[in-house]
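Architecture at a glance
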Amino acid sequence: MKMEWKPEQEGLRQILTLLKESQSPDTATQRAVQQKLEELNKYPDFNNYLIFVLTKLVTEEEPTRSLSGLILKNNVKAHYNNFLPEVAEFIKRECLSAVGDPSPLIRATVGIIITTIASKGELTSWPELLPALCQMLDSQDYNVCEGAFGALQKICEDTAELLDSDALNRPLNVLIPKFLQFFRHSSPKIRCHAIACVNYFIMGRTQALMLHIDSFIENLFHLAADEDPDVRKNVCHALVLLLEVRLDRLIPHLPNIIEYMLIRTQDPEEGVALEACEFWLSLAEQNVCREVLGPRLPALLPVLVHGMRYSEMDVILLRGDRDDDADDAEPDRESDIRPRFHKPRSHTVKHNAGAGDSNMSGGGESDDEDEGGADADDGSLSDWNLRKCSAAALDVLANVFGADLLPVLFPILKETLFHEDWVIKESGILALGAVADGCMGGMVPHLPDLVPYLVCCLAERKALVRAITCWTLSRYSHWIVSQSHDLYLRPVMTELLKRVLDNNKRVQEAACSAFATLEEEACTELVPYLGHILQTLVYAFSKYQHKNLLILYDAIGTLADSVGHHLNKPEYINLLMPPLITKWNVLKDEDKDLFPLLECLSSVATALQSGFLPYCEPVFRRCVSLIEQTLNQNIANSQSPEQFEAPDKDFMIVALDLLSGLAEGLDGHIDNLVHNSNLMQLLYQCMRDPMPEVRQSSFALLGDLTKACFQHVHMYIPDFLPILGMNLNPELISVCNNATWAIGEISIKLGPETSKYIPLVLSHLVDIINRPNTPKTLLENTAITIGRLGYVCPHDVAPVLHQFVRQWCTSLRNIRDNDEKDSAFRGICQMIQVNPGGVVPDFMFFCDAVASWSHPKDDLKDMCTKILHGFKNQVGEENWPFIFKLWGTNMISGRVDIMASLPQPSRTVPTNHRAINARSRRQQTVWMSSSSAHFY
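Residues numbered from 1 in each chain as written. Predicted model: local features only at pLDDT ≥ 70, side-chain atom pairs only at ≥ 80, totals over all residues. Heavy atoms only, no water.

**Focus on the overall build of the protein chain**
Condition: Here a helix means four or more residues in a row that DSSP labels H or I, a strand means two or more in a row labelled E, and each is numbered from the N terminus. Throughout, exposure labels follow a simple rule: accessible area from a 1.4 Å probe, protein chains only, divided by the maximum for the residue type, with under 20% read as buried, over 50% as exposed, and the rest as partly exposed. We call two residues contacting when some pair of their heavy atoms lies within 4.5 Å.
Broken down by element type, the protein chain carries 49 helices and zero strands. In the protein chain, which comprises 936 residues, the share counted as buried stands at 58%. Residue pairs in contact within the protein chain that sit at least 24 positions apart in sequence constitute 78% of those at least 6 positions apart.

**Notes on the packing of aromatic side chains**
Quick reminder of the rule: Ring pairs are drawn from Phe, Tyr and Trp, using the six-membered ring of Trp, whenever the two centres fall within 6.5 Å, and their geometry is named by plane angle: stacked under 30 degrees, edge-to-face over 60, tilted for the rest. A ring has a charge above it when a Lys NZ or an Arg CZ is no more than 6 Å from the ring centre and no more than 35 degrees off the ring normal.
All told, the structure shown has 19 aromatic pairs when counted by the stated rule. Seen in terms of ring centroids, Tyr80 and Phe83 are 5.4 Å apart; in terms of plane orientation they differ by 55 degrees. Their pairing is tilted. By relative accessible area, which is 5% here, Tyr80 ends up buried. Relative to Phe846, the ring of Phe843 lies with its centre 5.8 Å away and its plane at 40 degrees, an arrangement referred to as tilted. Remark: Phe846 and Phe843 occur in helix 47 (residues 843–850); sequence separation between them is three residues, near one turn of the helix. Through a chain of ring-to-ring contacts, the aromatic side chains of Trp5, Tyr49, Phe52 and Phe90 assemble into a single cluster. Its end group placed over the ring of Tyr310, Arg387 keeps NZ or CZ at 3.8 Å from the ring centre.

**Brief notes about unusual backbone geometry**
With a phi close to 50 degrees, Cys523 is a non-glycine residue in the positive phi region. With respect to the helices and strands, Cys523 occurs in the loop between helix 29 (505–522) and helix 30 (530–543). Residue Cys523 is classed as buried on the basis of its relative accessible area, which comes to 19%. Notably, Gln609 is not glycine yet its phi reads approximately 50 degrees, a positive angle. When you line up the elements, Gln609 lands in the loop between helix 33 (594–608) and helix 34 (613–639). For Gln609, a relative accessible area of 34% gives the class partly exposed.

**With respect to the state of the cysteines**
Here is the rule: A pair of sulfur atoms, both from cysteines and within 2.5 Å, is called a disulfide here.
In this structure the tally under the stated criterion is zero disulfides. The thiol of Cys456 is not disulfide-bonded; the next cysteine sulfur, from Cys457, is found 7.0 Å away. Here Cys847 stays unpaired: no disulfide links it, and the sulfur of Cys809, its closest cysteine neighbor, is 8.9 Å away.

**Focus on the pattern of salt bridges**
Cut-off, in case you're wondering: Within this document, salt bridges are pairs made up of a side-chain nitrogen of Lys or Arg and a carboxyl oxygen of Asp or Glu, the two lying within 4 Å of each other.
Tallied over the full model, the rule gives 34 salt bridges. Taking the shortest distance from any N to any O, the salt bridge between Arg788 and Glu745 comes out at 3.0 Å. A residue pair is termed long-range when its members are at least 10 positions apart, and Arg788 in helix 43 (residues 776–792) and Glu745 in helix 41 (residues 733–750) qualify at 43 residues. Exposure remark for Arg788: the relative accessible area of 6% places this residue in the buried category. Classification of Glu745 by relative accessible area gives buried; the value is 6%. It is possible to trace a salt-bridge network through shared partners that takes in Asp214, Arg246, Asp248 and Arg249.

**As for a nonpolar patch on the surface**
Inclusion rule: Within the patch definition used here, like charges are joined within 9 Å and nonpolar side chains (Val, Leu, Ile, Met, Phe, Trp, Tyr) within 5 Å, considering only residues with over 30% relative accessible area and no salt bridge. Under the convention used here, a 1.4 Å probe and the Shrake-Rupley method define accessible areas, while residue burial counts only the protein chains that appear.
A contiguous nonpolar surface patch, about 300 Å² in accessible area, is contributed by Met313, Ile316 and Leu317. Within the element layout of this structure, Met313 appears in helix 20 (residues 312–317).

**Concerning the packing of helix 19 (residues 297–307) against helix 21 (residues 386–401)**
Heads up, the rule is: Note on definitions: angles span 0 to 180 degrees between N-to-C directions of axes, and those axes are lines fitted to C-alpha atoms, for helices only across the stretch in contact. Each crossing is labelled by how the near helix is turned from the far one, with a counterclockwise turn of less than a right angle marking it left-handed and a clockwise turn marking it right-handed. Here the nonpolar group is Ala, Val, Leu, Ile, Met, Phe, Trp, Tyr, Cys and Pro; Asp, Glu, Lys and Arg are the charged ones; every other residue, Gly included, is treated as polar.
As a packed pair, helix 19 and helix 21 sit with axes 8 Å apart at the nearest point and diverge in direction by 145 degrees. Regarding helix 19 and helix 21, the two cross each other, and that crossing is left-handed. Residues Leu297, Leu300, Leu301, Leu304 and Gly307 of helix 19 pack against Leu386, Arg387, Ser390, Ala393, Leu394, Leu397 and Phe401 of helix 21. Residues belonging to the contact of helix 19 with helix 21 are distributed by class as follows: nine nonpolar, two polar and one charged.

**Points about helix 4 (residues 62–79)**
Counted only if it meets this: The span one expects for a helix is its residue count, reduced by one, times 1.5 Å.
End to end, helix 4 covers 25 Å across 18 residues, agreeing with the expected 26 Å (1.5 Å per residue, within 8%). Every buried residue of helix 4 is accounted for by Thr64, Arg65, Ser66, Ser68, Gly69, Ile71, Leu72, Asn75 and Val76.

**Section: the packing of helix 30 against helix 32 (residues 570–586)**
Going by this rule: Working definition: roughly parallel below 35 degrees, roughly antiparallel above 145 degrees, roughly perpendicular at 65 to 115 degrees, and oblique for all remaining angles.
The N-to-C vectors of helix 30 and helix 32 enclose an angle of 20 degrees; their axes lie 10 Å apart at closest approach. As the angle between them shows, helix 30 and helix 32 are arranged roughly parallel. Regarding helix 30 and helix 32, the two cross each other, and that crossing is left-handed. On helix 32, the residues that touch Leu530, Gly531, Leu534, Gln535, Val538 and Phe541 of helix 30 are Tyr572, Leu575, Leu576, Pro579, Leu580 and Lys583. When its residues are assigned to classes, the contact of helix 30 with helix 32 shows nine nonpolar, two polar and one charged.

**As for the environment of Asp667**
Mapped onto the fold, Asp667 is located in the loop between helix 35 (650–666) and helix 36 (671–675). As a C-alpha pair, Asp667 and Cys709 span 42 residues in sequence and 7.4 Å in three-dimensional space. Beyond its immediate sequence surroundings of up to four residues, Asp667 is in contact with Leu662, Lys707 and Ala708.

**Here we look at the nonpolar core**
The tendency in soluble globular proteins is for nonpolar side chains to be buried as a group. Note the cut-off: We call a set of buried Ala, Val, Leu, Ile, Met, Phe, Trp, Tyr and Cys residues a nonpolar core when their side-chain atoms join them within 4.5 Å.
Ranked by size, the top nonpolar core spans 319 residues in total, and within it Phe216, Trp280, Phe612, Trp808, Ile828 and Phe846 carry the most contacts. Looking at this core, the element that brings in the most residues is helix 35, giving eleven residues. Beyond its immediate stretch of four places on either side in the chain, Trp808 contacts Ile769, Ala783, Ile786, Gly787, Ala824, Phe825 and Ile828.

**Looking at helix 23 (residues 422–434)**
Spanning 13 residues, helix 23 covers 18 Å between terminal C-alpha atoms, matching the ideal 18 Å at 1.5 Å per step. Of all 13 residues in helix 23, 13 are buried; the element is thus mostly enclosed.

**Digging into the environment of Phe845**
Checked against the element boundaries, Phe845 lands in helix 47. On a C-alpha basis, the gap between Phe845 and Cys809 in space is 5.9 Å, while along the polypeptide they are 36 residues apart.

**Things to note about the confidence of the model for the protein chain**
For the record, the criterion: As a per-residue measure, pLDDT tells how confident the predictor is, with possible values from 0 to 100.
Here the protein chain averages 85 in pLDDT, while 87% of its residues score no lower than 70. The element-level mean pLDDT for the protein chain is lowest in helix 49 (residues 880–890), coming to 57, with helix 37 (residues 679–687) highest at 97. Note that residues 352–380 has pLDDT below 50 and, in this model, 79 contacts with residues that lie over four places away or in other chains. Of the regions scoring below 50 in pLDDT, residues 889–936 engages in 168 contacts with residues more than four places distant in sequence or in other chains.

**Quick look at the environment of Phe401**
On the secondary structure map, Phe401 appears in helix 21. By relative accessible area, which is 6% here, Phe401 ends up buried. When the C-alpha positions of Phe401 and Ala284 are compared, they lie 9.5 Å apart, and in sequence the two are 117 residues distant. Not counting residues within four places of it along the chain, the set of residues in contact with Phe401 comprises Cys289, Arg290, Leu293, Gly294 and Leu297.

**Comments concerning the side chain of Gln286**
Note that Gln286 resides in the loop between helix 17 (270–283) and helix 18 (289–293). Residue Gln286 is classed as buried on the basis of its relative accessible area, which comes to 16%. Leaving out residues up to four positions away in the same chain, Gln286 has contacts with Leu243, Glu244 and Leu247.

As structure tokens, then:
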């Protein structure tokens, strides 16, 4: 029989000394301890000492014992597979023996170690664990029962799928009924554990739970009024989850559940109220929402608006009650600044108004746009709280009920918006912004009064009121821009710019973000005011601290995107460029603040075009240097990972994107810069990078260089096109989108030489365009590229015309007139001429697509007309009126006069739409703490 392991006293003394020293606040001491602990890891039984201290040394202080356990947990996580079998077995035994330790801290630590071992795949090789813990649940010793439940809850959280698998003989068949027995236990802690354990299996529709679903729901109802807040919180969480997966079982009880959640949303414990408030977000996604919730809106909306108030603690933490709220001289804390990530460029296509993708709220066009909130970063507040959840709930309910919500909401707004208490008034302004998206149609008649009211609120004494007013105004910016400039746009713009220079940092942040939203909506309407706007934004450079400076970059970049070449005037360039270049020169290559600055410069370079020439060479060279440094560091790391850290590839991505901006803005002027650099070789490496975002930006740059200086791209086409073909994978939407667009741009420049590469890409493109649920932007770019391939090589593409023509036509019917659409339509016309039979079954879709043009060029119009006449002649004069009437009724929208020479019903031609920008350059960034889309 093997002797039980026992520690040597000297070794035990050393480890205890280290554990106590590690709790020292002195950094040097902590570093020395950490080094000694790493050295001790070389000894096989070191982990035995750690578990011994945790479970056996009851005379030691609990923090010391717990720390020993946490070090062991980290060792298990990092090195468990290298533990000697006898060490692993000793740790397992000791853990099970200490599950019921009298100390809650020690029990919790033991549970964490058990879970960590289980997560290393040990559930299958530790068969006694679950039966042992399950048996302990029946112990009369509370500590044993609670400790076992704590460990089981952690296991359920970390390994829910494994517990429901055949690999373990489906232990949930035993565990779920066992957990349900404890819903009525006398201890609230045990009741809380029991509900939490079951809750982990709701979303997976675990069979063992579904068999007992009625018993589960019955037990939840029994606990609805439990005196313990954690129990009530878990009950609310369970009902929210059940609403998503077993609505059928809740339907009979929904009226009562709604009443219960109304009460719980007002629970004095904010954690419970927050969990209950999630119910309204979930209910809004269900088809029954209008029917079941409509009658209770008068009860619910006051609760939600009340929940949107700042609490007393919020006001203290945000220093919101101070009259002297100037804080812009205080340096930002690093903790105030969220991690910054760059969103790579993606080629998008803009659409005709009325095409089904626009709304009065002026929502973004990107399929995967990141959204933040004007109120999202409350500094000392948590990321998600009752205020934010209540506002989000009102937002989604506004989208469900639309204008029907307003008769209930208006009396609440009337009371809150004019309340003397600034906290209540602020919640009313937030509510007004929350409903903008869903209730815009119903709000329009009231906006002539509300917008001037909000403009006045921008001068309120309290900073938090000024801040939320900025955001709420931004939510109505689409309407503001469409009205009289003198009455609305100019006063809103003027007051927002004053708030951009506010003395309070929170107001600066909100105003800068709100102004960026206004810029997006107003576009060239801002041109008459550019001088004043630039003076304000440039002055902000000298006023802003670190955090808001990042948002200022975005506002300047958005302005450049919005007004485009109108920014290219000497007086504007002389105002804008010096502070940007000063920042550019100050920042080091490894400083992550380069991300937003490079992104801003990308937009500015595109807008200034030749006006950026004096600055382009140093900017170009630094971007190339950043790419080269990152690639070299990546090679060094892959060869010697212990010696070299992995690079942050965002530096490379933002540099690629700025080069795209330079190529697009400078056009042929970039030729010499590319010629005197190794950019094309670096681009080849970037296009093969395993990180999708790097490839996405690489393909965007390739497309822009193709347009600007194809002579430098041409020689690399045999290397580039196979890579592009391999990246036509719609699972990575943005990568695929940019690869598709680049192929189209290359084909236009390469001409008939493209023929040899068509087998590499055409079948993938046809698959993408016929793929269900393909995002609209990818569909449009795919259709344009197929059209362009057909334009330069009609005989290569026309044989498969029948495989894509219907989807091609429906994909392009809603995009605005532009050069890309022009070349694509020339391609489809040439393919039809080569293979007219390919379009016959779907000819009406072709007619509809042709009718989407507002002002086609004359020769394109002639090409389409010949095809239409040819088809008319084919079907015969006597059959044409009948066929045309049939198709015209169902398909042809009649937006152009391209078929005027054919017998057809008369149509009204609406006014022309603005020409498309070939590229949508607005990029949302997740480091921004606020944007137009959300307030929470």
